[in-house]
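# Observations on the three-dimensional arrangement
In case you want the letters, here they are:
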Amino acid sequence: MRISRAGLLVAIAVLVPIVVELRTVLVHLGVEMSVTETGLLAAAMVGVLLAWAVAPDVRGRKRSNGESE
Amino acid sequence: MSLGANSGTYLDQFPGEAKVIRTAFYSSFIALGIGALMGLLQVFHRLDILRLIPSEDYYSYLTLHAVLLVLTFSIFFLVGVFTWAVTTSLDRGLEDLRYTWGWYGLMAVGTLMAGVAIIGGFFDSIPMSAAVLYTFYAPLQAHPLFYLGLALFIVGSWLAGLDWFRSWWAWRSENPDERIPLPTFMALTTTLFWIISSMGVAISVVVFLLPWSLGLIGQVDALLTRTLFWFFGHAVVYFWLMPAYMLWYVMLPKISGGKLFSDPLARVVFVLFLILSTPTGIHHQYLDPGIAEGFKFIVMVNTMFLLLPSLLTAFTVVASMEHGARQRGGTGYFGWLRALPWRDPVFAGMALAGLMFAAAGFSGMINAGMNINYLVHNTWWIVGHFHLTIGTAVALTFMATTYWFLPQLTNKEIWSKSVGLAQVLLWFVGMTLMSNAMHRSGLVGVPRRTAEPQYSGFDYEVAAGSMAELNMQVAIGGTLLFISTLLFLTVVVMTVWGSKVDTLPANGYAETLSGPEDAPLVLDNLKLWTAIAVVLVVLAYALPLASIIGRRGLFGPGGSPSPQFIDTLVFTGQAIVDSAVGVIR
């Protein structure tokens, strides 16, 4: 993994305010999303984050964090 | 001082002081538990999900929730933190533990008295009530026990501050050429503005509200007592915040694996808070009639200056965290973030609290702006704002650092760091949902401080989604926050129940990249900064207070105090004020 499991959990938590605020921002850009659509967007974002986290680092870097998971 | 210079945990180094701090923390956690339950019941009542009591008793919920969380939870915790900071950084115990237990006892008795008066409001058989909310604005009147309890609590906190000063004075006499260690400097500057600012509420309570509730005087002036309350009411926010700031400065870099970026910058920040915290309170009164717009404008400018220390803090703390991450092998513009110890609830909780505080700063600027404040004044926006400041920046930092302090104070390992991490993340998510919905509700005019925000035949038009969705967001957020509180208390109880270990890290705090030797000596001149703080307070408040008293008298229009000796005192006082106003004009 490119990120520790705890780091991933924190990143998912940080997505919550981003999604919540994004819905309001999008309304001001003329895009209205229902709660269901917002939930789906959140799920997609978490999916992308998970895919990034578990994919091998193309630059071959090792995870620098010495945390034990 | 290098940290961990004395080996062993805090309990090993200062067993007597550790007992006092533990007791203060436990008092704080009891208040947190009860206050959080009141918060959940309040959310359910207001949203009409579950109503256990009639709506007229809602204000007792609200008062208990606010007093227990913003005064009792936060102040009991912070007196413990500052006691730790002073003793650790001076490397000496307090001067007299009997005195220390004395101020703790005063605060505990004061809390009990105020709490009994509030809880009495729930029972018809108990002839007392204090449903006056945290601000206790007249003409709302509480039982005398409430005011007396608050007065004792505040006096107890003053005596705590004096305790830290006594330690510093004793240390200074033995180390005349040394700079004040940073944590002690932070505790002392905070104490100074706390004493200056809480004079306002002390006068309001002791001179006006308590005699009024006892029937000694017939009426009080609502505007004067409100103004005296806000003399203290904004600075108290910084009284809660400064220990959180201190922990971000002296603990977060250490937990990150690095050093504090700059000791001098940290000192500048605390000096700025000392001089600017109090002359800002009138920004809570932008909509109060009876205070001239010019005074409000001056206070707005003072408030905007407070952005500076907050931005300095954001820079210094993030720079320190980056330094720590790079020490742990982190690289890249943002890649270093991955090297931070996110697994540790102490770090994760403090970092997320800091992140939420940035959002609180933005909404705070809106509150502080005179014109745009009119849009959000007395709406749910304000409640959303202070749940980000005291409710997250402070509360989440305090809970997260408990996972560091508790082992230091008990010699026992934290029961479960994984549960601790889940707890701080749950708080972050819950507060995001609740606070966001409160802010957005406030923008469309949903009022605060009411059990019945629903109006028949009227719909709020929210910008995105619907009111029902916002209400649901508040309900879900409030529930997550309550669950997070329960998890926190579970970890505390299970930790205290655990067995002692001897593998805990030594007590200490972060070393610095740029130390006190780089800070100008003048920064340690507490007399100078206190004098400037007092002058600024006089400039901000003398004319508004003289104007209020000059026009309305000390007791408001038509107010006639009794018994007669008060009348005489008032007559003399008014003559002095009139003369002063005449000279000023």
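Analysis parameters
- Residues numbered from 1 in each chain as written.
- Chains lettered and ligands numbered in written order.
- Predicted model: local features only at pLDDT ≥ 70, side-chain atom pairs only at ≥ 80, totals over all residues.
- Heavy atoms only, no water.
- Helix = DSSP H or I, 4+ residues; strand = E, 2+ residues; numbered from the N terminus.
- Contact = heavy atoms within 4.5 Å.
- Areas by Shrake-Rupley, 256 points an atom, 1.4 Å probe, with all protein chains shown as cover.
- Core = buried A, V, L, I, M, F, W, Y, C linked by side-chain atoms within 4.5 Å.
- Buried < 20%, exposed > 50% of the residue type's maximum accessible area, 1.4 Å probe, protein only.
- Patch = residues over 30% accessible without salt bridge, like charges linked within 9 Å, V, L, I, M, F, W, Y side chains within 5 Å.
- Salt bridge = Lys/Arg side-chain N within 4 Å of Asp/Glu carboxyl O.
- Expected span 1.5 Å × (residues − 1).
- Bend = angle between axes of the 7 residues up to and from the residue.
- 1 Å grid on protein atoms, 1.4 Å probe; cavity = no way out; pocket = protein on both sides within 12 Å on 5 of 7 lines; lining within 4 Å.
- Points joined across faces, edges and corners; volume = space filled by probe spheres on them.
- Nonpolar A, V, L, I, M, F, W, Y, C, P; charged D, E, K, R; others polar.
- Buried area = accessible area lost by both parts, 1.4 Å probe.
- Polar contact = N/O pair within 3.5 Å; in protein donor to acceptor, adjacent residues only side chain to side chain.
- Axes fitted to C-alpha atoms, helices over the stretch in contact; angles between N-to-C directions.
- Parallel < 35°, antiparallel > 145°, perpendicular 65-115°, else oblique.
- pLDDT = per-residue confidence, 0-100.
- Phe/Tyr/Trp six-rings, centres within 6.5 Å; stacked < 30°, edge-to-face > 60°.
- Lys NZ or Arg CZ within 6 Å of the ring centre and 35° of its normal.

## Observations concerning the overall build of chain A
A tally of helices and strands in chain A yields two helices and zero strands. Considering only intrachain contacts with a sequence separation of at least 6, the fraction spanning at least 24 residues in chain A is 74%. Surface exposure of chain A reaches about 4200 Å², of which carbon and sulfur atoms provide 68%.

## Details of the nonpolar core
Among the nonpolar cores identified, the biggest contains 202 residues, and Trp84 and Phe146 of chain B are the most heavily contacted of them. With 22 residues, the single largest contributor to this core is helix 3 (residues 58-90) of chain B. Filtering out sequence-adjacent residues up to four positions away, Phe146 of chain B remains in contact with Thr63, Val67, Ala114, Ala117, Ile118, Ala130, Val132, Leu133 and Phe136 of chain B. Counting five residues, the second largest nonpolar core, distinct from the first, contains Ile3, Leu8, Leu15 and Leu49 of chain A.

## Let's talk about a nonpolar patch on the surface
Residues Met199, Ile203, Val206 and Val207 of chain B make up a contiguous nonpolar surface patch of about 320 Å² in total accessible area. Along the chain, Met199 of chain B falls in helix 6 (residues 182-213).

## Looking at helix 6 of chain B
All names here are of chain B. With 32 residues, helix 6 extends 43 Å from end C-alpha to end C-alpha; this agrees with the ideal 46 Å at 1.5 Å per step. Considering bend angle alone, the principal kink of helix 6 is centred on Val205 and spans about 40°. Among the 32 residues of helix 6, 27 are classified as buried, and the element is accordingly described as predominantly covered. Phi turns positive one or two residues past the end of helix 6, at Gly215, with a value near 85°.

## Some words on empty space enclosed by the protein
All names here are of chain B. Taken as a whole and judged by the stated rule, the model has three cavities of 30 Å³ or more. One number sums up the size of the largest cavity: a volume of about 80 Å³. Around the largest cavity sit Leu71, Tyr134, Phe136, Leu150, Phe153, Ile154, Trp194, Val201, Val205 and Phe232, which together line it. Broken down by secondary-structure element, the contributors of at least two residues to the lining of the largest cavity are helix 5 (144-174) and helix 6. Here the lining of the largest cavity is composed, by residue class, of 10 nonpolar, no polar and no charged.

## A closer look at the interface of chain A and chain B
Taken together, the contacts link 25 residues of chain A with 25 residues of chain B. Contact between chain A and chain B buries roughly 2000 Å² in total, counting both sides, with carbon and sulfur atoms accounting for 63%. Remark: the boundary between chain A and chain B carries one salt bridge. Between Arg23 of chain A and Glu469 of chain B there is a salt bridge, with the nearest N and O atoms lying 2.7 Å from each other.

## Describing the environment of Ser4 of chain A
Residues and elements named next belong to chain A. Relative to the assigned elements, Ser4 resides in the segment before helix 1 (5-28). The spatial distance from the C-alpha of Ser4 to the C-alpha of Ala53 is 8.5 Å, given a sequence separation of 49 residues. Separated by 2.9 Å, the side chain of Ser4 and the backbone nitrogen of Gly7 make a polar contact.

## Let's talk about the packing of helix 6 of chain B against helix 8 (residues 235-250) of chain B
All names here are of chain B. The contact between helix 6 and helix 8 brings their axes to 10 Å, and the two run at 175°. In this view, helix 6 runs roughly antiparallel relative to helix 8, as classed from their interaxial angle. Seen from helix 6, the contacting residues are Leu182, Pro183, Met186, Thr190, Phe193, Trp194 and Ser197; seen from helix 8, they are Ala235, Val236, Tyr238, Phe239, Met242, Met246, Tyr249 and Val250.

## Quick look at the environment of Leu29 of chain A
All names here are of chain A. Mapped onto the fold, Leu29 is located in the loop between helix 1 and helix 2 (35-54). Look at Leu29 and you get exposed, because its relative accessible area is 63%. Remark: the alpha-carbon pair of Leu29 and Leu41, spanning 12 residues in sequence, is separated by 17 Å.

## Some words on the confidence of the model for chain B
Overall, the prediction assigns chain B a mean pLDDT of 93, with 97% of residues at 70 or greater. Scored below 50 in pLDDT, residues 1-5 of chain B shows 13 contacts in the model against residues more than four places distant or in partner chains.

## Section: unusual backbone geometry
All names here are of chain B. The omega torsion of the bond from Ala138 to Pro139 falls at 10°, within 30 degrees of zero and hence cis. With respect to the helices and strands, the residue Pro139 is situated in the loop between helix 4 (97-119) and helix 5. Its identity as a non-glycine residue notwithstanding, Asn378 has a phi of 60°, on the positive side. Note on placement: Asn378 falls in the loop between helix 14 (370-376) and helix 15 (380-410).

## Here we look at the side chain of Thr402 of chain B
Counting through the fold element by element, Thr402 of chain B comes out in helix 15. Ignoring any residue separated from it by four or fewer positions in sequence, one finds Thr402 of chain B in contact with Phe29, Phe77, Pro407, Ile414, Phe488 and Val492 of chain B.

## Let's talk about the packing of aromatic side chains
All names here are of chain B. Enumeration over the complete set of coordinates arrives at 44 aromatic pairs over all chains. On the numbers, 5.4 Å between centres and 75° between planes, the contact of Phe229 with Phe232 is edge-to-face. Of this pair, Phe229 and Phe232 both sit in helix 7 (residues 222-233), separated by three residues, roughly a single helical turn. The pair Phe229 / Phe232 is uniform in exposure class, with both members buried. Judged by centre distance (5.4 Å) and plane angle (85°), the rings of Tyr245 and Phe273 are edge-to-face. Residue Tyr245 is found in helix 8, and its partner Phe273 is found in helix 10 (residues 263-276); the two are separated by 28 residues along the sequence. Taking the relative accessible area as the measure of exposure, Tyr245 reaches 0% and is therefore buried. Three or more aromatic residues joined by ring pairs form one cluster here, namely Tyr134, Phe136, Tyr137, Phe146, Tyr147, Trp194, Phe229, Trp230, Phe232, Phe239 and Trp240. Above the ring of Phe185, the side-chain terminus of Arg267 is found at 5.1 Å from the ring centroid.

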